[in-house]
Amino acid sequence: MEVVITKKVDRLWSSIQLFLLGTAGLSLLTLVCFQYQVNSTTVALLYLIVIGLVSLEGNFVPAAIVSIIAYVCLDFFFTAPLFALGMNQILDVVAPITYVTSAFVITRLISRLRKANEERQRAQETLRKSQAELAHVTRVMTMGEIAASIAHEINQPLAAVVNNASACLRWLASDSLNLEEARDAAQAVVRDGKRAGEVIARIRAILRKTDPEKGPVDISRAIREVVSVVQDEAVRNNVNLRLDLTEDLPSVWGDRVQLQQVILNLLLNGIEATAQRPDGPREILIRSHPNGSEKILISVEDSGIGVDTQDVERMFDAFYTTKPHGLGMGLAISRSIIEEHGGELSAIPNDAVGTTFQFTLPTHRTNSYARTATNRFCR
Amino acid sequence: MPEQPPIVFVVDDDDAVRASLERLIRSARFTVKTFASANQFLESGRPDVPSCLVLDVKLPGLGGLDLQRRLTESAISIPIIFITGHGDIPMTVRAIKAGAVEFLTKPFRDQDLLDAINQAIQLDLANRRSNAEIANLRERYESLTPREREVMQLVVAGLLNKQIAAELGTSEITIKVHRGQVMQKMRADSLADLVRISEKLNTRTAGQR
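Keep in mind it's a predicted model, so treat the numbers as computed, not measured. (Residues numbered from 1 in each chain as written. Chains lettered and ligands numbered in written order. Predicted model: local features only at pLDDT ≥ 70, side-chain atom pairs only at ≥ 80, totals over all residues. Heavy atoms only, no water.)

### What to know about the packing of helix H4 (residues 90–145) of chain A against helix H8 (residues 256–275) of chain A
Residue and element names in this part refer to chain A. Condition: Lines are fitted to the C-alpha atoms to define the axes, a helix being fitted only along its stretch in contact, and any angle between axes, read from their N-to-C directions, falls within 0 to 180 degrees. Runs of H or I in DSSP of at least four residues are treated as helices and runs of E of at least two as strands, each being numbered from the N terminus. Any angle from 65 to 115 degrees is called roughly perpendicular, while one under 35 is roughly parallel, one over 145 is roughly antiparallel, and all others are oblique. Handedness of a helix crossing follows the sense of rotation of the near helix relative to the far helix, less than a right angle counterclockwise being left-handed and clockwise being right-handed. The contact definition used throughout considers only heavy atoms, calling two residues in contact when any of these lie within 4.5 Å.
Where H4 contacts H8, the axes come no closer than 11 Å and their chain directions differ by 45°. The orientation of H4 with respect to H8, classified from their angle, is oblique. The handedness of the crossing between H4 and H8 is left-handed. On H8, the residues touching Ala132, Ala135, Thr138, Arg139, Thr142 and Met143 of H4 are Val257, Gln258, Gln261, Leu264 and Leu268.

### Section: the interface of chain A and chain B
Note the cut-off: When two parts are put together, the accessible area they lose, computed with a 1.4 Å probe and summed over both, is reported as buried area. Only one rule defines a salt bridge in this text: a Lys or Arg side-chain nitrogen within 4 Å of an Asp or Glu carboxyl oxygen. Here the term charged refers only to Asp, Glu, Lys and Arg, the term nonpolar to Ala, Val, Leu, Ile, Met, Phe, Trp, Tyr, Cys and Pro, and the term polar to all other amino acids, Gly among them.
With 24 residues of chain A in contact, the opposing surface of chain B contributes 24 residues. For the chain A and chain B pair, buried surface summed over both sides reaches about 2000 Å², with 49% attributable to carbon and sulfur atoms. In terms of surface lost to chain B, no three residues of chain A exceed A:Gln156, A:Asn163 and A:Arg170, which account for 29% of the buried area on that side. Counting every contact that joins chain A to chain B gives five salt bridges. For B:Lys58, the salt bridge goes to A:Asp232, with nearest N and O atoms at 3.3 Å. Of all elements in the fold, only helix H5 (147–172), helix H6 (179–207) and helix H7 (219–236) of chain A reach the threshold of two or more residues within the side of chain A that touches chain B. Tallying contributions element by element places H5(A) first for the side of chain A that touches chain B, with twelve residues. Tallied by class, residues from the side of chain A that touches chain B come to eight nonpolar, eight polar and eight charged.

### Side note on empty space enclosed by the protein
Residue and element names in this part refer to chain A. Note the cut-off: For cavity detection a 1 Å grid was placed over the protein atoms alone, and a set of points counts as a cavity when a 1.4 Å probe fits there but cannot get out; an open set counts as a pocket when protein lies on both sides within 12 Å along at least five of seven lines, with lining residues being those that have an atom within 4 Å of a point. Grid points are joined across faces, edges and corners, and a volume is the space filled by probe spheres set on the points.
Overall, the coordinates contain one cavity of 30 Å³ or more when judged by the stated rule. When its volume is computed, the largest cavity comes out at roughly 60 Å³. Lining the largest cavity are Ala132, Arg139, Arg208, Thr210, Asp211, Pro212, Asp255, Val257 and Gln258. Elements that contribute at least two residues to the lining of the largest cavity include exactly H4 and H8.

### Here we look at the confidence of the model for chain B
Operational definition: Residue-level confidence of the predictor is what pLDDT reports, using numbers from 0 through 100.
When pLDDT is averaged along chain B, the result is 87, and 95% of the positions lie at 70 or above. Here residues 205–209 of chain B is modelled with pLDDT under 50, and outside its nearest four sequence neighbours on either side it reaches one contact, counting other chains as well.

### What to know about helix H2 (residues 40–55) of chain A
All names here are of chain A. For the record, the criterion: A helix is expected to reach a length of 1.5 Å times the quantity of its residues less one. Each residue's exposure class comes from its accessible area (1.4 Å probe, protein chains only) as a fraction of the maximum for that residue type: buried when under 20%, exposed when over 50%, partly exposed otherwise. Identification of polar contacts relies on pairs of N or O atoms within 3.5 Å, with a donor-acceptor requirement for protein atoms, meaning one able to donate a hydrogen and the other able to accept it, and with residues adjacent in sequence counted only if both atoms are side-chain atoms.
Its 16 residues give H2 an end-to-end C-alpha distance of 22 Å, which sits within 8% of 22 Å, the value for a rise of 1.5 Å per residue. Within the sequence span of H2, burial applies to Ser40, Val43, Ala44, Tyr47, Val50, Ile51, Gly52, Val54 and Ser55. Packed against the buried residues of H2 are helix H1 (2–35), helix H3 (60–78) and H4. The N-terminus of H2 is capped by Asn39, whose side-chain oxygen sits 3.1 Å from the backbone nitrogen of Thr41.

### What about the packing of aromatic side chains?
For any pair of aromatic rings, geometry is given as the distance between the ring centres together with the angle between the planes. Residue and element names in this part refer to chain A. We count it as follows: In this analysis, rings of Phe, Tyr and Trp, with Trp reduced to its six-membered ring, are considered paired at centre separations within 6.5 Å, and the interplanar angle assigns stacked below 30 degrees, edge-to-face beyond 60, and tilted for intermediate values.
Within the structure shown, the criterion is met by 13 aromatic pairs over all chains. Ring geometry for Phe60 against Phe104: centres 5.5 Å apart, planes inclined by 85°, an arrangement best described as edge-to-face. Of the two residues, Phe60 is situated in helix H3 and Phe104 in helix H4; the sequence distance between them amounts to 44 residues. Measuring from centroid to centroid gives 6.2 Å for Phe77 and Phe83, while their planes differ by 90°, and the two rings are edge-to-face. For Phe83, a relative accessible area of 46% corresponds to the partly exposed category. By way of ring pairs, the aromatic residues Phe34, Tyr47, Phe76, Phe77, Phe78 and Phe83 are connected into one cluster.

This is how it looks when you write it as structure tokens:
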């Protein structure tokens, strides 16, 4: 309710401003033209320009009032008989009709254009929201696929806690009292408990459902966090994850969760492709390094079953999948996320075995695209 | 024979779990040696004392079950207790069939692990004793002459001196002397004793093939 009132007041205020501006313009024009004895037709056209400018705001009422004032000025100061009103000439009839008609047409066109623009923005906003939602759903599904590994990741520190606590109790038992050992074990309990908490926090961060939130991201660190989540999945599939991360890379501007989703996706695809190979090296190399002075290149090189050159682009299509339970959205979403960050995601078949997926991201200071994109959405 | 203190070997890739296992097992007054991978364990020299192996199933590189097979193939007998984060039934069956003492799912009760370790150490002790005994008997058997071995075989088969003499084409007296030598060298008190010794030697020989 309050918002509506404020809007109405705002609109009234801008109408008054427009009216005042238009009137000032008209007065100035009238003064100058009167001084220089400009003929009535030229003045009528000059007035039309002022009306056109006022109409550009798309507000009919001030434009109409300015039109009437323009007509009055024209009739009073420029058309014979001077200093008197009255429909004495053809211009006295044509001018008001032209003024009001142009004011009406221009304001209607402008307001329509504005409405269309607003709708487009709303549609874009909705699209962005549904993309974020879809990304979240696939994220949850992906994490669901590796639920067993995640459970293991949490179970490990818990097992250590139980062992250490048992050891602590044994050292405290009266027949084998050893406070030094008991203290050591209790400290280990605290350490491992914290570790379990950290694992859960990391997983929650990935599963978090919020609107994309952009900020500076340390990409090497983001990669390491994802690797710790899929490490067990890799071991389970007998795949070795090797990291070649450049430290102190300039940060990138983006949504950490979404970027991690892309990395997670590429890693899991790589693990799956590599696990399908019956023999040979089973390794995935994850690298991050600068690419030129303004970009960072992240690559995931697997030694998997590979993909045919003609299928490379199809992999990025929505619903394209080779997995029995796959939704086929992973790579499509990954690509849209990277593009939204002003980067590029591509796949290249390796010379020997496997495939390399790589994406570039502009660094924080150079990423004007992503920043303007954010600003646009912020409005 | 003086009893040496037993050693418990632990192989687990997770630092925290490995350290916690060491603490727990040490609290039960065992000597513990830990390894982060199966290969590390294989490369390490193992002292000749009663021991057992607490082994994580899921290890990077050479897995727990692979290590078990590798040990069996190279005739290294060490009782194994498997621990795992997510044990499925086929995995458990495979491990137990291949001779594992116990299969525990993390997190386990401390007493379960310690009981299993005690059981495994006892098993290793028994294995070692019987191995030592067999080695002893084998040594005695090696000291027999070829002819004495022939005689022993026939005696154990239940033949009388007379029959053996006929079989080998010598006199009964000679056989009697050989037989006395066999009984003495094998340190058998009676015919029944000799049969038992011979069985141990044979089953062991057959079992190793």
